[in-house]
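A look at the structure
So you can see what is in the structure, the chains are spelled out below.
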Amino acid sequence: MTDSGFGVEIMGMDLAALDAACEHKLRRAFIDHGGLIVVRDQELNDPADLCRFAALFGALEQNDKYDPDFLLPGFPEILRIGNVVENGRYSALFIRADPPPLLWHCDDSFRDPQPVGSCLYCLSAPASGGETGFAGMTAAYEALPDQVKTRIDNLYTIHSYHHLNELLRIGNPHRPPLTDKLRRDHPAVRRPLVARHPATGRKSLYLPLCHIESVEGLPDHEGRELLEELLSYATGNRFTHFQHWRPGDLVLWDNRCTLHAPTPFDEQQYTRLMYRLTVTGAQIAGF
Ligand SMILES: [Fe+2]
């Protein structure tokens, strides 16, 4: 789906009726195309089908850190994401997306184990806006000039859930501060800036900028400047796919070698609702 070979769209597959050959092809495609697969026109009326699909890529995670009201009743693995309101409050996790600069991230880089894959299944989408951008960090790393690779190969960054939460609270006043328990459960952690994928052995930029407090060993302004420059390069057209959602779309991505970012939409006019599942598995080196 991109000039750099990142991302693949899969046609003619019914995810509610997969056989072993299809399952193998899906797993292969996920690894071979930089960790992004898009499947359109799915009618997954039974949420168990969605769970079965996601479980092809790793063990399903629970959603302990979220408000239980945001989970699909009977399916604690499924987190509802969107601007759905019931009885005067959000019944899904709603994170208001800002206009550019977009909030490029991978899911939960600040926890261990990190979800290695995340998938979104679209139930309702705005007629305009509310897209998700995906950026391929393996292709972006490999296309860097050698002197930049040498400069960044051994750098480490500090990731923090608290840092992210405070950033999100600026545009989402309905979002509470982290509880003491969540802060204790998610202390700041050290991550490599260049990560090696455990399945492919290929290197990627590991750059969820909104989770990163600092670059180890660099003054704040210098670290920030370096990361912003790298992110702006790595989220250019060559490396990105923007998903214009339609109900029935399903997208699965690899948090170890991709970034994603939501784009804003008119939340008074449109409803956006997604089911999200995350899976765990082999972590990148340095975690
Ligand atoms: Fe995300």
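Our structure is the block above this text.
So, a few notes on the structure that sits alongside this text. Given the structure is predicted, the values throughout are model-derived calculations rather than measurements.

**Focus on the nonpolar core**
Generally speaking, soluble globular proteins have nonpolar side chains that are buried together. Within the largest apolar cluster, 29 residues are counted, with the highest numbers of intra-cluster contacts made by Ile 152, Leu 205, Leu 207 and Leu 259. At 5 residues, the largest contribution of residues to this core is made by helix H7 (residues 220-234). Other than its neighbours up to four places away in sequence, Ile 152 contacts Tyr 141, Leu 144, Leu 193, Val 194, Leu 205, Leu 226 and Leu 230. Leu 26, Leu 50, Leu 72 and Val 116 belong to the second largest nonpolar core, which has 27 residues in total.

**Regarding helix H1 (residues 20-32)**
Its 13 residues give H1 an end-to-end C-alpha distance of 18 Å, which sits within 8% of 18 Å, the value for a rise of 1.5 Å per residue. Every buried residue belonging to H1 is among Cys 22, Leu 26, Ala 29 and Phe 30, and all of these are buried. Mapping the buried residues of H1 onto a view down its axis gives an arc of 100 degrees, with all of them on the same face.

**So, the pairing of strand S8 (residues 117-124)**
Regular strands have side chains that alternate between both faces of the sheet. Extensive coverage of S8 is indicated by the burial of 6 of its 8 residues. Here S8 pairs with strand S16 (residues 250-254) via 5 bridges, running antiparallel. By the bridge assignment for S16, Leu 120 is matched with Val 251.

**Here we look at the sheet that holds strand S10 (residues 156-159)**
Read from one edge to the other, the open sheet built from 3 strands follows the order S11-S10-S14, with strand pairing classed as antiparallel. Two strands lie at the open edges of the sheet, namely strand S11 (189-192) and strand S14 (212-215), each paired on one side alone. Between one strand axis and the next, the sheet turns through 35 degrees on average, direction left out of account. Pairing geometry for S10 and S11, over 4 bridges, is antiparallel. The residue bridging Ile 158 from the neighbouring strand is Arg 190, located in S11. In the packing of H7 onto the sheet, the strands contacted are S10 and S14, and the crossing angle to S14 comes to about 110 degrees.

**Considerations on the packing of aromatic side chains**
Scanning all chains against the criterion turns up 8 aromatic pairs. Ring geometry for Phe 94 versus Phe 265: centroids 6.4 Å apart, planes at 70 degrees, classification edge-to-face. Here the residue Phe 94 occupies a position in the loop between strand S7 (89-90) and S8, and Phe 265 occupies one in the loop between strand S17 (258-262) and strand S18 (273-280), the gap between them amounting to 171 residues. Residue Phe 94 shares its accessibility class with Phe 265, and that shared class is buried. These aromatic residues form a ring-pair network of at least three members: Phe 30, Phe 53 and Phe 57. Directly above the ring of Tyr 156 sits Arg 190, whose terminal nitrogen or CZ lies 3.8 Å from the centroid.

**Some details on the pairing of S16**
Of all the 5 residues making up S16, 5 are buried; the element is thus mostly covered by neighbouring parts of the structure. Of the two faces of S16, the one lined by Leu 250, Leu 252 and Asp 254 and the one lined by Val 251 and Trp 253 are each fully buried. Note that strand S2 (residues 36-39) and S16 share 4 bridges and pair antiparallel. Residue pairing across strands places Ile 37 opposite Leu 252, the latter belonging to S16.

**Re the coordination of the iron ion**
Taken together, His 105 (NE2), Asp 107 (OD) and His 260 (NE2) make up the protein donors of the iron ion, found 2.2 Å from the metal. Look at where the donors of the iron ion fall in the sequence and you get H-x1-D-x152-H. Each member of the pair, His 105 as well as Asp 107, carries the same accessibility label: buried.

**Section: the side chain of His 197**
Tracing the backbone through its elements, the reader meets His 197 in the loop between strand S12 (194-196) and strand S13 (203-205). Judged by its relative accessible area of 5%, His 197 is buried. One polar contact links His 197 to Arg 256, side chain to side chain, over a distance of 3.5 Å. Those residues in contact with His 197 that lie beyond four places of it in its chain are Ile 31, Arg 202, Asp 254, Arg 256 and Cys 257.

How each quantity is defined
- Residues numbered from 1 in each chain as written.
- Predicted model: local features only at pLDDT ≥ 70, side-chain atom pairs only at ≥ 80, totals over all residues.
- Heavy atoms only, no water.
- Core = buried A, V, L, I, M, F, W, Y, C linked by side-chain atoms within 4.5 Å.
- Buried < 20%, exposed > 50% of the residue type's maximum accessible area, 1.4 Å probe, protein only.
- Helix = DSSP H or I, 4+ residues; strand = E, 2+ residues; numbered from the N terminus.
- Contact = heavy atoms within 4.5 Å.
- Expected span 1.5 Å × (residues − 1).
- Arc of directions from axis to C-beta.
- Pairing = 2+ DSSP bridges.
- Axes fitted to C-alpha atoms, helices over the stretch in contact; angles between N-to-C directions.
- Phe/Tyr/Trp six-rings, centres within 6.5 Å; stacked < 30°, edge-to-face > 60°.
- Lys NZ or Arg CZ within 6 Å of the ring centre and 35° of its normal.
- Donors = N, O, S within 2.8 Å, 3.2 Å for Na, K, Ca; no water.
- Polar contact = N/O pair within 3.5 Å; in protein donor to acceptor, adjacent residues only side chain to side chain.

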